[in-house]
Amino acid sequence: MATAPERAAARLPLRTPRRGYGFVLLLIVVTYVLALQADRPWIVAVVLFVQTGTVWQALRVSRARPGLRIAATVVFVLAIVLAVAGLFADVETLYGLTFLASSVLYLVAPISIVLDIGFRRGVDQQTMFGALAAYLLIGMAFGFAYACLGALQPGPLFGENGDPTMSQALFFSFVTMTTTGYGNQVPAGNPAQSIAVLEALIGQLFLVTALAKVVENWRPRGWHRNDQPGDDADQAAADPGSPGRAAER
């Protein structure tokens, strides 16, 4: 007789697996590498365009809901306007707003990915890729948020260490999200300190819930336990309530 969790899982809508999260991961890596060199307006514009493609691919693969698609489209348009404006005007405020748009874009995509993989009954390679992509997108979203604060707030983000470069902001973000805490970069005040606390909480909650659940249930093809001949018979013999033992009795 099916248990309550099994009956609840059976009622979930079955989603046909769709490939594409591997390509999302590749785009995330490309964006990260480009962001490390984002010290000129045209590089920032290129990063933003690659981000747009990354988020579009993530929303497509995850079958994003109409509301998320509309929100992403609005941010897409604003991001393009800011990127083009940044090519002709070297203004710190434009940098900050561009990084803000980047942060919002990378926060929209993980929501859609988590909703997609959460409704899959099985766990396969694409589910693993999707969970990893969502985790990396969250880390990069907070990294762009720190770069935005460094460009917009009046004082230096890291106090005596000054404002972070894009590479330093991403480094600080992933160190915070994984709670590694090297201590070489520390926000001087709020709102950066509060955002860092929020990121650490989100990162740990994601690891102990979504990602841990995926890893626990993933069974790669060919990695089957008890697949040796005779294992089923041995298990049946060891189980007093099995049909085989009942027949013997």
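Look up a bit, the structure's there.
All values reported here derive from a predicted model rather than from experimental measurement.

1. Thoughts on the packing of aromatic side chains
So, point 1. Applying the stated rule across the entire model yields 5 aromatic pairs.
So, point 2. Aromatic side chains Tyr 32 and Phe 174 sit 6.2 Å apart centroid to centroid with 65° between the ring planes, which places their arrangement in the edge-to-face category. Of the two residues, Tyr 32 sits in helix H2 (residues 21-35) while Phe 174 sits in helix H7 (residues 166-177), which places them 142 residues apart along the sequence.
So, point 3. Ring centres of Tyr 146 and Phe 172 lie 5.0 Å apart, and the angle between their planes is 70°; on these two criteria the pair is classed as edge-to-face. Highlighted residues: Tyr 146 in helix H6 (residues 125-152) and Phe 172 in helix H7, separated in sequence by 26 residues. There is no split in this pair, since Tyr 146 and Phe 172 are both buried.

2. Structural notes on a nonpolar patch on the surface
So, point 1. Together, Leu 97, Leu 100, Val 104 and Leu 152 make up a nonpolar patch on the protein surface, roughly 280 Å² of accessible area in all.
So, point 2. Per-element accounting of the nonpolar patch gives the leading share, 3 residues, to helix H5 (residues 92-118).
So, point 3. Here Leu 152 shows up in helix H6.
So, point 4. Since its relative accessible area comes to 40%, Leu 152 is described here as partly exposed.

3. Notes on the pattern of salt bridges
So, point 1. All chains considered together, the criterion is met by 1 salt bridge.
So, point 2. Asp 116 is the salt-bridge partner of Arg 63, the closest N and O atoms lying 3.9 Å from each other. A residue pair is termed long-range when its members are at least 10 positions apart, and Arg 63 in the loop between helix H3 (41-61) and helix H4 (66-88) and Asp 116 in helix H5 qualify at 53 residues.
So, point 3. Residue Arg 63 is classed as partly exposed on the basis of its relative accessible area of 28%.

4. Structural notes on unusual backbone geometry
So, point 1. In the segment running from Asn 190 into Pro 191, the intervening peptide bond is cis, with an omega of 10°.
So, point 2. Counting through the fold element by element, Pro 191 comes out in the loop between H7 and helix H8 (192-217).
So, point 3. At Arg 63, a position not held by glycine, the phi torsion is positive, near 55°.
So, point 4. The backbone of Thr 179 sits at a positive phi, close to 55°, despite the residue not being glycine.

5. Let's talk about H2
So, point 1. Here H2 spans 21 Å end to end across 15 residues, near enough to the 21 Å set by a 1.5 Å rise per residue.
So, point 2. Tyr 21, Val 24, Leu 25, Leu 27, Ile 28, Thr 31 and Ala 35 are the residues of H2 that are buried. Angular distribution of buried residues about the axis of H2 spans 160°; they occupy a single face of the element.

6. Topic: the packing of H2 against H6
So, point 1. Where H2 meets H6, the axes come as close as 8 Å, and the angle between the chain directions of the two elements is 25°. The angle between H2 and H6 places the two elements in the roughly parallel class. Classified by chirality, the crossing of H6 by H2 is left-handed. Here H2 contributes Tyr 21, Gly 22, Val 24, Leu 25, Ile 28, Thr 31, Tyr 32 and Ala 35 to the contact with H6, which in turn contributes Gln 126, Phe 129, Gly 130, Leu 132, Ala 133, Leu 136, Leu 137, Met 140 and Phe 144.
So, point 2. Looking at side-chain class alone, the contact of H2 with H6 contains 13 nonpolar, 4 polar and no charged residues.

7. Examining the nonpolar core
So, point 1. Counting residues in each nonpolar core, the largest one holds 58 residues, and the members touching the most others are Ile 113, Phe 144 and Met 166.
So, point 2. Of all the secondary-structure elements, those providing two or more residues to this core are H2, H3, H4, H5, H6, H7 and H8.
So, point 3. With 15 residues, H6 is the single largest residue contributor to this core.
So, point 4. Excluding residues within four positions of it along the chain, Phe 144 makes contact with Ala 35, Val 47, Gln 51, Phe 99, Ser 102, Ser 103, Tyr 106 and Met 166.

What counts as what
Residues numbered from 1 in each chain as written. Predicted model: local features only at pLDDT ≥ 70, side-chain atom pairs only at ≥ 80, totals over all residues. Heavy atoms only, no water. Phe/Tyr/Trp six-rings, centres within 6.5 Å; stacked < 30°, edge-to-face > 60°. Helix = DSSP H or I, 4+ residues; strand = E, 2+ residues; numbered from the N terminus. Buried < 20%, exposed > 50% of the residue type's maximum accessible area, 1.4 Å probe, protein only. Patch = residues over 30% accessible without salt bridge, like charges linked within 9 Å, V, L, I, M, F, W, Y side chains within 5 Å. Areas by Shrake-Rupley, 256 points an atom, 1.4 Å probe, with all protein chains shown as cover. Salt bridge = Lys/Arg side-chain N within 4 Å of Asp/Glu carboxyl O. Expected span 1.5 Å × (residues − 1). Arc of directions from axis to C-beta. Axes fitted to C-alpha atoms, helices over the stretch in contact; angles between N-to-C directions. Parallel < 35°, antiparallel > 145°, perpendicular 65-115°, else oblique. Left-handed = near helix turned anticlockwise from the far one by under 90°. Contact = heavy atoms within 4.5 Å. Nonpolar A, V, L, I, M, F, W, Y, C, P; charged D, E, K, R; others polar. Core = buried A, V, L, I, M, F, W, Y, C linked by side-chain atoms within 4.5 Å.

Read these as layout, nothing more, since geometry by itself doesn't imply function.
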